[in-house]
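As a plain string of letters, each chain reads:
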Amino acid sequence: MGTILDGKALAKLKADKLKEKVKILKEKGINPLFCVINIGENPASQVYIRSKGRLAKKIGIEQKLYQLPTNTQESEVAELIKKLNADPSVDGMMIQLPVPEQINITNLMEIIDPSKDVDGLTPANSGRLWQGHHFVEPATPDGIIALIDHYQIDLEGKNVVVIGRSDIVGKPIAALALERNATVTILHSKTQNPEFYLKHADVIISAVGQANLIKADMIKEGAVIVDVGINHVDGHLVGDVDFDDVKNKAGWITPVPGGVGPLTVEFLMEQVVKLARRRNDRK
Ligand code: NAD
């Protein structure tokens, strides 16, 4: 069986270290604070917000929730963002996705001050990511790179195949793998003959949201498999990868749950602290 890439254990390790860093920051009078704007009542969003809140509290970061009704207009969210942009006590903010259909998230991303953009999704920060001079990264990709580093997997010259092209996972993990000198291919819903690319992949990072998408016969012996997908099947949480089928052929593999998920929450906190430190350094 391949080595399990234990995201849960790494997240705990990182959180313990971050807690120490926050303690030192607080002694210097820096109290990291980030705001979550949640519009509507999406049940999955409520779960994510609670889990972020729990970890933030444990680390010593303040999370402030702005819960807005489902029928909130985009202009009202824009006003709130401007208020938070101007508030010196706020180190970061994020809009919890998904948002109701009357809200155009792209417009709102244009308004968030990039220096307070904890998700790294503003156009300025996405651009910085591709240009290789970023100060904040989307949490999931940052966590994946940390996991790969922790297990001393070298991406240089490797064929990294990313499945999915979202702004939050697929595109930024492609940028970060490219930064590590990997040869990166992005597959998506319109890709023809995905099997061809998967067979040649040294590393597969799947962020689709489709259970059992990746089977053992699609991968190369010894490949690194990072499963970002979250799917609910018969009351269980599973990823995109058929874990039991793939685990013996893979060299390394993330479980679901316990792989990328815990790292995402932890690395969101890392971004908050990065922004808090950066803002303080610039004072
Ligand atoms: P998304 O839901 O916005 O889009 C899915 C992507 O998959 C699209 O880019 C689409 O082109 C691609 N796709 C769809 N069908 C495909 C197919 N058959 N073959 C190849 N590509 C295909 O993407 P997202 O927001 O990145 O989420 C993807 C999955 O990752 C979801 O299950 C989500 O819940 C999960 N997720 C997990 C974490 C975590 O922390 N573990 C974080 C973010 C997202």
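Note that this is a predicted model, so its numbers are computed, not measured.

**Some thoughts on the site of the ligand**
- The full set close to the ligand counts 19 residues, and Arg165, Ser166, Val228, Ile230 and Thr264 are the nearest of them.
- In this structure, valine 228 approaches the ligand through a main-chain N or O atom, which is 3.2 Å from a nitrogen atom.
- At 2.6 Å, a side-chain N or O of threonine 264 approaches an oxygen atom of the ligand.
- Surface burial for the ligand is 70%, taken as the share of its 850 Å² of free accessible area covered by protein chains.
- Sorting elements by how many residues they give to the shell around the ligand places helix α10 (residues 260-281) first, with 3 residues.

**Things to note about a nonpolar patch on the surface**
- A contiguous nonpolar patch, built from Tyr48, Ile230 and Leu237 and spanning about 240 Å² of accessible area, is present on the exposed surface.
- Along the chain, leucine 237 turns up in strand β10 (residues 236-238).

**Digging into the sheet that holds strand β6 (residues 183-187)**
- Here 6 strands make up an open sheet; going across it, the order is β1-β11-β8-β7-β5-β6 and the pairing parallel. On the outer flanks of this sheet lie β1 (3-4) and β6, each paired with one strand and no other.
- Of the pairings in the sheet, the one linking strand β5 (residues 159-163) to β6 comprises 5 bridges and is parallel in character. Counted as the bridge partner of valine 161 is threonine 185 from β6.

**Things to note about the pattern of salt bridges**
- Here the structure, examined in full by the defined rule, presents 10 salt bridges.
- The salt bridge involving aspartate 16 is made with lysine 12; its shortest N-O contact spans 2.8 Å. One end of the pair, aspartate 16, and the other, lysine 12, are both in helix α1 (residues 7-27), 4 residues apart, so they sit about a helical turn from each other.
- Residue classification places aspartate 16 among the partly exposed positions, given a relative accessible area of 36%.
- Of the charged contacts, one joins aspartate 244 and lysine 247 as a salt bridge, the two residues approaching to 3.4 Å between their closest N and O atoms.
- Using a relative accessible area of 56% as the deciding quantity, one classes aspartate 244 as exposed.
- When salt bridges with common partners are traced through the structure, they connect Glu137, Asp142 and Lys274 into a single cluster.

**Some remarks on the packing of aromatic side chains**
- For the structure shown, the criterion picks out 1 aromatic pair.
- Taking the centre distance of 5.2 Å and the plane angle of 90 degrees together, the rings of phenylalanine 196 and tyrosine 197 count as edge-to-face.
- Residue phenylalanine 196 is classed as partly exposed on the basis of its relative accessible area of 46%.
- One cation-aromatic arrangement involves arginine 278 over phenylalanine 135; the distance from NZ or CZ to the ring centre is 3.5 Å.

**Details of the UniProt feature "binding site: NADP(+)" (unreviewed entry) in the protein chain**
- The sites that UniProt annotates as "binding site: NADP(+)" (unreviewed entry) are Gly164, Arg165, Ser166 and Ile230.
- Here arginine 165 shows up in the loop between β5 and α7 (170-179).
- Residue classification places arginine 165 among the partly exposed positions, given a relative accessible area of 42%.
- Ignoring any residue separated from it by four or fewer positions in sequence, one finds arginine 165 in contact with Gly170, Lys171, Ile186, His188, Ser189 and Lys190.
- With respect to the element layout, serine 166 can be found in the loop between β5 and α7.
- For serine 166, the residues in contact, after removing those within four places along its chain, are Lys171 and Pro172.

**With respect to the domain arrangement of the protein chain**
- Each assigned domain of the protein chain is listed here: domain 1 (27-113) and domain 2 (139-261).
- For domain 1 and domain 2, the distance between their C-alpha centres works out to 29 Å.

**Observations concerning the pairing of strand β4 (residues 92-95)**
- Alternating positions in β4 separate into two faces, Gly92 and Met94 on one and Met93 and Ile95 on the other, with burial throughout.
- In this structure, strand β2 (residues 33-39) lies alongside β4, joined through 4 bridges in parallel fashion. For isoleucine 37, the partnering residue across the bridge sits in β4 and is isoleucine 95.

So, how was this worked out
- Residues numbered from 1 in each chain as written.
- Predicted model: local features only at pLDDT ≥ 70, side-chain atom pairs only at ≥ 80, totals over all residues.
- Heavy atoms only, no water.
- Near = heavy atom within 4 Å.
- Polar contact = N/O pair within 3.5 Å; in protein donor to acceptor, adjacent residues only side chain to side chain.
- Areas by Shrake-Rupley, 256 points an atom, 1.4 Å probe, with all protein chains shown as cover.
- Helix = DSSP H or I, 4+ residues; strand = E, 2+ residues; numbered from the N terminus.
- Patch = residues over 30% accessible without salt bridge, like charges linked within 9 Å, V, L, I, M, F, W, Y side chains within 5 Å.
- Salt bridge = Lys/Arg side-chain N within 4 Å of Asp/Glu carboxyl O.
- Pairing = 2+ DSSP bridges.
- Buried < 20%, exposed > 50% of the residue type's maximum accessible area, 1.4 Å probe, protein only.
- Phe/Tyr/Trp six-rings, centres within 6.5 Å; stacked < 30°, edge-to-face > 60°.
- Lys NZ or Arg CZ within 6 Å of the ring centre and 35° of its normal.
- UniProt positions renumbered as here; feature names shortened; annotations may be inferred.
- Contact = heavy atoms within 4.5 Å.
- Domains from an automatic or database assignment.

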